[in-house]
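The primary structure of each chain is shown beneath.
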Amino acid sequence: VKNKTFADFDNLEVKIKAMLNDYSQIRAMWRVLDFNGNNIVSLAEIDKWAVEQYPLLNHKPALMRAYKATLAAGDKHDGWVHKKDFKTLVTNMFY
């Protein structure tokens with residue numbers, strides 16, 4: 001098992017920031033996350049996505065905080081992260 005380092009997080013942050021500036025990459029990331037195509041995702045789907053796509057971000061308490069912060073920032077307040085809140089979610093996963 002490889003230990004996580006700040007350099008690993010920094011490198012992933014640069015990669016994700018670049019992806020978030022490219023609409024086609026954002027859409028591709030969303031399609032992987034929202035694999036059933038209903039335009040909303042649950043905490044379980046977010047967790048699965050992080051584990052499979054970005055294992056460095058696989059930290060349950062941090063994912064829960066990102067999820068809750070994204071819900072609080074959204075306007076639906078229905079317990080789901082909506083497609084329009086995806087960039088917020090990804091940002092919250094780092095900060």
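Above this note sits the structure.
Residues numbered from 1 in each chain as written. Predicted model: local features only at pLDDT ≥ 70, side-chain atom pairs only at ≥ 80, totals over all residues. Heavy atoms only, no water.

Could you give me a rundown of the pattern of salt bridges, with the residues and numbers involved?
Per the stated rule, a full pass over the model turns up five salt bridges. The salt bridge partner of aspartate 75 is lysine 84, with a shortest N-O separation of 3.2 Å. There is no split in this pair, since aspartate 75 and lysine 84 are both exposed. Each of Asp75, Lys84 and Asp85 takes part in salt bridges that share partners, so that together they form one network. (Salt bridge = Lys/Arg side-chain N within 4 Å of Asp/Glu carboxyl O. Buried < 20%, exposed > 50% of the residue type's maximum accessible area, 1.4 Å probe, protein only.)

Mind laying out helix H4 (residues 60-73), listing which residues take part and the relevant values?
The first and last C-alpha atoms of H4 sit 20 Å apart over 14 residues, in line with the 20 Å expected at 1.5 Å per residue. Inspection of H4 places Leu63, Ala66, Tyr67, Thr70 and Leu71 among the buried residues, and these make up the whole buried set. Axial view of H4: buried residues confined to an arc of 130°, hence all on one face. Pointing more than 90 degrees away from the buried face of H4 are the exposed residues Arg65, Lys68, Ala72 and Ala73. (Helix = DSSP H or I, 4+ residues; strand = E, 2+ residues; numbered from the N terminus. Expected span 1.5 Å × (residues − 1). Arc of directions from axis to C-beta.)

By themselves, these observations are geometric and do not establish any function.
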